[in-house]
Amino acid sequence: MIRMPPYADLLGLVVETGDDGAPVLMMPFATEVLGRPGFLHGGAISGLMEMAAIVALHDALEGEGGGEIKPINVTVDFMRGGRDKETRARGIVTRLGTRVANLEATAWQDDPAKPIAAARMNYLIVRG
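Residues numbered from 1 in each chain as written. Predicted model: local features only at pLDDT ≥ 70, side-chain atom pairs only at ≥ 80, totals over all residues. Heavy atoms only, no water.

A. How the structure looks around the overall build of the protein. What the protein contains, in helices and strands, is 2 helices and 6 strands. Taken from N to C terminus, the helices and strands of the protein fall in the order α-β-β-α-β-β-β-β. A compact globule built from 128 residues would reach a C-alpha radius of gyration of about 14 Å, and the protein, at 14 Å, matches this within 12%. Summarising its shape, the C-alpha atoms of the protein cover approximately 45 × 25 × 25 Å along the three principal directions. Put simply, the protein has 128 residues, and 38% of those count as buried. A separation of at least 24 residues holds for 64% of the contacts in the protein among residues at least 6 apart in sequence. For the protein, the separation between the mean place of its 13 positive charges and that of its 16 negative charges on side chains is 6 Å. (Helix = DSSP H or I, 4+ residues; strand = E, 2+ residues; numbered from the N terminus. Rg over C-alpha atoms; globule rule 2.2 N^0.38 Å. Buried < 20%, exposed > 50% of the residue type's maximum accessible area, 1.4 Å probe, protein only. Contact = heavy atoms within 4.5 Å. Lys, Arg positive; Asp, Glu negative; His and termini not counted. Charge placed at Lys NZ, Arg CZ, Asp CG, Glu CD.)

B. Expanded view of the sheet that holds strand 3 (residues 68-78). The strand order across the open sheet formed by 6 strands is 1-2-4-5-6-3, and the pairing between neighbours is antiparallel. The strands lining the two open edges of the sheet, one partner per strand, are strand 1 (14-17) and strand 3. When the angles between neighbouring strand axes are averaged without regard to direction, this sheet yields 30°. For strand 5 (residues 100-108) and strand 6 (residues 117-126), the ladder comprises 8 bridges, and the chain directions are antiparallel. The residue of strand 6 that forms the bridge with Asn 102 is Asn 122. Along the sheet, helix 2 (residues 42-62) contacts strand 2 (23-27), strand 3, strand 4 (87-96), strand 5 and strand 6; its crossing angle with strand 4, the most-contacted strand, is approximately 45°. (Pairing = 2+ DSSP bridges. Axes fitted to C-alpha atoms, helices over the stretch in contact; angles between N-to-C directions.)

C. How the structure looks around the pattern of salt bridges. Evaluation of the coordinates by the stated rule reveals 6 salt bridges. Between Asp 77 and Arg 120 there is a salt bridge, with its nearest N and O atoms 2.9 Å apart. Taken together, the residues span a long stretch of sequence, with Asp 77 in strand 3 and Arg 120 in strand 6 at a distance of 43 residues. (Salt bridge = Lys/Arg side-chain N within 4 Å of Asp/Glu carboxyl O.)

D. Region of interest: the environment of Ile 116. For Ile 116, the location among the structural elements is in the loop between strand 5 and strand 6. Considered as a pair, Ile 116 and Arg 90 are 26 residues apart in the sequence and their alpha carbons are 12 Å apart.

E. Expanded view of the environment of Glu 86. Topologically, Glu 86 is positioned in the loop between strand 3 and strand 4. Beyond its immediate stretch of four places on either side in the chain, Glu 86 contacts Met 26, Met 27, Pro 28, Trp 108 and Gln 109. Engagement of the side chain of Glu 86 in a polar contact is seen with the side chain of Arg 88, the distance being 3.0 Å. (Polar contact = N/O pair within 3.5 Å; in protein donor to acceptor, adjacent residues only side chain to side chain.)

F. Region of the structure containing the nonpolar core. Judged by nonpolar contacts, the single largest core of 31 residues is most densely connected at Leu 13, Met 27 and Met 49. When contributions to this core are tallied by element, the ones reaching two or more residues are helix 1 (7-11), strand 2, helix 2, strand 5 and strand 6. Broken down by element, the residue count for this core peaks at 12 residues, all from helix 2. Setting aside chain neighbours within four positions, we find Met 49 in contact with Val 76, Ala 89, Ala 105, Thr 106, Ala 107, Ala 117, Ala 118, Ala 119 and Met 121. (Core = buried A, V, L, I, M, F, W, Y, C linked by side-chain atoms within 4.5 Å.)

Spelled out as structure tokens, the structure:
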């Protein structure tokens, strides 16, 4: 079962399954995620990518007995404005150590090959 923080509900996130079976998060466009007229707020895009990374990390940890995570840092690069349409994001665990995990996430609208933003994140892992 995929665990997401309450912030995911605020963004209206829905878990989908990608072509490769990995979880993809979809954020519907709504006035709550609006920044300047017709565009997504950068914080909503960042939150979407952070939630995608959390889902990917929990999925990876599940196979190793689980664990709690705490964010160390997040770096976001915005590439183009998110328009008034559905936005998707996927997190990828690039390194899963015993105490620290490194992740990447991308957000896109029409084409995953044309992301609107990308992020790099590090999480502390507290294993039980």
